[in-house]
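Here are the chains, one letter per residue:
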Amino acid sequence: MNRDTAGGRPQHGQRFDTLRWVGAGLEMIDQRLLPARVEYRRYEDAAGVAAGIRSMVVRGAPAIGCAAAYGIALAARALQGAAPAQFTAGLEAAFAQLAASRPTAVNLFWALARMRRAWEAGPAQDTAQLAARLLQEAHEILAEDLRINQAMGGHGATLLADGARVLTHCNAGALATAGHGTALGVIRSAVAGGKRISVLADETRPFLQGARLTAWELMQDDIPVTLITDNMAGHLMATGEIDAVIVGTDRVAANGDVANKIGTYMVAVLAHRHRIPFYVACPLSTIDLRTPDGSQIPIEERAATEVLGYGTQQWAPSGVAVRNPAFDVTPAELVTALITEKGVVHAPDREGILKLFATG
Ligand code: MRU
């Protein structure tokens with residue numbers, strides 16, 4: 001795997017780590033610069049990681065969870081040698097900072113809860129041992145995410161026919177995870193299994209994760225991808241050019257309602273209208289049994305600047321009122337199946353989801 005810390009134009013076929021531990025720091029590919037530039041940002045404290053999550057250097061639910069875990073590991077490392085009370089106060093501050101970075105992706109809170117359990121596990125140890133344990137836990141979360149995505153990909157690939165034309169929204173790929181991806185992981189696994197799959201990628205306004213990240217990531221792997229604007233999906237469904245939809249998710253409520261990137265709900269309604277299967281790929285860490293239904297999922301509102309233009313270019317008039325909800329909720333009844341590392345749940349509901357957690 002090539003590693004380009006200095007930054008530069010990406011080479012075709014080069015593979016990149018979304019996040020990686022190097023020396024005593026976390027490096028994350030700066031997703032705001034893709035596909036024009038590959039640059040890694042280096043983080044050595046929790047505040048920096050929280051800022052990196054908020055500003056979308058790293059994004060995508062599982063990747064956010066991995067980054068947050070390393071944020072805690074970095075905080076513990078910096079507190080080595082501190083008195084116990086100071087260590088506790090410093091670590092609690094890091095937990096609070098990271099938890100406040102983005103509200104919708106439940107993987108963030110899942111990873112923080114797991115880091116807390118690792119902190120509290122076992123007998124009281126000296127701070128160096130605690131820091132080592134927390135770093136080990138972050139490494140395990142990252143490694144596990146990759147394994148989970150590969151398992152999910154294997155289950156999901158069985159749902160796609162040879163020759164399928166698959167629509168996806170946002171980026172639920174390697175860049176949104178530790179690697180392989182959730183929705184794009186299913187596609188990668190199907191392709192690896194010999195199926196000819198082509199992808200239609202919604203550009204995904206306003207942050208353009210589809211145009212910038214999904215298109216780039218699939219092209220890197222030579223998986224056929226065609227970019228469309230978000231308002232073209234209905235037309236292409238009506239003309240019979242889409243066989244299936246696969247998306248990722250930031251949080252699945254206990255009843256199967258799915259929060260994902262703004263615009264996903266529109267795609268799900270259209271898919272239902274055209275009797276096209278609508279699949280959601282997600283690890284169990286994205287299912288939030290404590291949130292009873294989609295109406296209880298917090299929806300992040302982001303800055304107006306993201307809607308007014310992109311980067312340094314603004315195309316809307318200054319001063320216009322703007323709304324920027326970053327996610328929407330697709331009711332469970334529109335979801336054909338959830339694809340998880342434990343298998344596929346058709347027509348997901350409370351019972352089907354609980355069964356997933358009940359089996360070993
Ligand atoms: O705002 P983002 O880019 O973090 O939103 C990401 C998504 O909506 C993804 O579809 C979701 O996190 C699943 S990623 C495997």
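Scroll up to find the structure this text is about.
The rules behind these values
Residues numbered from 1 in each chain as written. Predicted model: local features only at pLDDT ≥ 70, side-chain atom pairs only at ≥ 80, totals over all residues. Heavy atoms only, no water. Near = heavy atom within 4 Å. Polar contact = N/O pair within 3.5 Å; in protein donor to acceptor, adjacent residues only side chain to side chain. Areas by Shrake-Rupley, 256 points an atom, 1.4 Å probe, with all protein chains shown as cover. 1 Å grid on protein atoms, 1.4 Å probe; cavity = no way out; pocket = protein on both sides within 12 Å on 5 of 7 lines; lining within 4 Å. Sits in = over half its atoms within 2 Å of the grid points. Helix = DSSP H or I, 4+ residues; strand = E, 2+ residues; numbered from the N terminus. Buried < 20%, exposed > 50% of the residue type's maximum accessible area, 1.4 Å probe, protein only. Lys, Arg positive; Asp, Glu negative; His and termini not counted. Salt bridge = Lys/Arg side-chain N within 4 Å of Asp/Glu carboxyl O. Contact = heavy atoms within 4.5 Å. Expected span 1.5 Å × (residues − 1). Pairing = 2+ DSSP bridges. Axes fitted to C-alpha atoms, helices over the stretch in contact; angles between N-to-C directions. Core = buried A, V, L, I, M, F, W, Y, C linked by side-chain atoms within 4.5 Å. Left-handed = near helix turned anticlockwise from the far one by under 90°. Nonpolar A, V, L, I, M, F, W, Y, C, P; charged D, E, K, R; others polar.

1. Quick look at the site of the ligand
So, point 1. Neighbouring residues of the ligand: 19 residues in total, closest Arg 59, Ala 61, Arg 102, Asn 260 and Lys 261.
So, point 2. Here Arg 102 contributes a side-chain N or O atom positioned 2.8 Å from an oxygen atom of the ligand.
So, point 3. Asn 260 has a polar side-chain atom sitting 2.6 Å from an oxygen atom of the ligand.
So, point 4. If the ligand stood free it would expose 410 Å²; the protein chains cover 99% of that surface.
So, point 5. Of all the cavities here, the one that holds the ligand is the largest cavity.

2. A look at the side chain of Asp 202
So, point 1. Relative to the elements of secondary structure, Asp 202 occurs in strand E5 (residues 198-202).
So, point 2. Of the side chains with opposite charge, Arg 205 comes closest to the buried, unpaired Asp 202, at an N-O distance of 12 Å.
So, point 3. One polar contact links Asp 202 to His 169, side chain to side chain, over a distance of 2.8 Å.
So, point 4. Filtering out sequence-adjacent residues up to four positions away, Asp 202 remains in contact with Leu 167, Thr 168, His 169, Cys 170, Gly 210, Ala 211, Leu 227, Ile 228, Thr 229, Asp 230, Ala 233 and Val 267.

3. Some thoughts on helix H4 (residues 106-120)
So, point 1. Over its 15 residues, H4 runs 21 Å from end to end, which matches the ideal 21 Å to within 8%, given 1.5 Å per residue.
So, point 2. Where H4 is concerned, the buried positions are Val 106, Asn 107, Leu 108, Ala 111, Leu 112, Arg 114, Met 115, Ala 118 and Trp 119.
So, point 3. Of the surrounding elements, those touching the buried residues of H4 are helix H1 (46-54), helix H2 (61-78), helix H3 (84-99), helix H5 (127-157), strand E8 (251-253) and strand E11 (287-288).

4. Examining the environment of Leu 208
So, point 1. Note on placement: Leu 208 falls in the loop between E5 and helix H7 (209-220).
So, point 2. Residue Leu 208 is classed as buried on the basis of its relative accessible area of 15%.
So, point 3. Other than its neighbours up to four places away in sequence, Leu 208 contacts Glu 203, Leu 213 and Tyr 310.

5. Considering the sheet that holds strand E14 (residues 327-330)
So, point 1. Strand order in the open sheet formed by four strands is E11-E8-E9-E14, with mixed pairing between adjacent strands. Sheet topology places E11 and E14 at the edges, where each strand pairs with a single neighbour.
So, point 2. Note that E8 and E11 share two bridges and pair parallel. Directly across from Val 252, in E11, lies its bridge partner Ile 287.

6. Let's talk about the pattern of salt bridges
Between side chains of opposite charge, pairing is possible as soon as their charged atoms come close.
So, point 1. Enumeration according to the criterion identifies 21 salt bridges in this entry.
So, point 2. Arg 20 is the partner of Glu 27 in a salt bridge, and the nearest nitrogen-oxygen pair spans 3.0 Å.
So, point 3. Here Arg 32 makes a salt bridge to Asp 30, at a shortest N to O gap of 2.8 Å.
So, point 4. On the accessibility criterion, Arg 32 (32% relative accessible area) is partly exposed.

7. Notes on H1
So, point 1. What H1 keeps buried is the set Ala 46, Gly 48, Val 49, Ala 50, Gly 52 and Ile 53.
So, point 2. Residues of H1 that are buried in the fold lie against strand E2 (25-29), strand E3 (40-43), H2, H3 and H4.
So, point 3. Phi turns positive one or two residues past the end of H1, at Met 56, with a value near 70°.

8. Digging into the sheet that holds strand E1 (residues 19-22)
So, point 1. The three strands are arranged E1-E2-E3 in an open sheet whose pairing can be described as antiparallel. This sheet does not close on itself; its edge strands, each paired only once, are E1 and E3. Each neighbouring strand pair of the sheet contributes to a mean axis angle of 25°, computed without reference to strand direction.
So, point 2. Inspection of the sheet shows E2 paired to E3 by four bridges, in the antiparallel sense. Bridge pairing in E3 places Met 28 opposite Arg 41.
So, point 3. Contacts from H2 reach E1, E2 and E3 within the one sheet, and its direction differs from that of E1 by about 20°.

9. Notes on the nonpolar core
So, point 1. One finds Leu 26, Ile 53, Ile 72, Leu 91 and Leu 98 to be the most contacted residues of the largest nonpolar core, which totals 43 residues.
So, point 2. Going through the elements one at a time, E1, E2, H1, H2, H3, H4 and H5 are the ones with two or more residues in this core.
So, point 3. The dominant element in this core, judged by the number of residues it contributes, is H2, at 13 residues.
So, point 4. Among the nonpolar cores identified, the runner-up in size contains 26 residues, and Leu 236, Val 247, Val 267 and Ala 268 belong to it.

10. Some points on the packing of H4 against H5
So, point 1. Packing of H4 against H5 leaves a shortest axis separation of 9 Å and a crossing angle of 145°. The way H4 lies across H5 gives a crossing that is right-handed. Counted together, Trp 110, Ala 111, Arg 114, Met 115, Ala 118, Trp 119 and Glu 120 of H4 and Leu 130, Arg 133, Leu 134, Glu 137, Ala 138, Glu 140, Ile 141 and Glu 144 of H5 form the full contact between these two elements.
So, point 2. The residue makeup of the contact of H4 with H5, split by class, is nine nonpolar, no polar and six charged.

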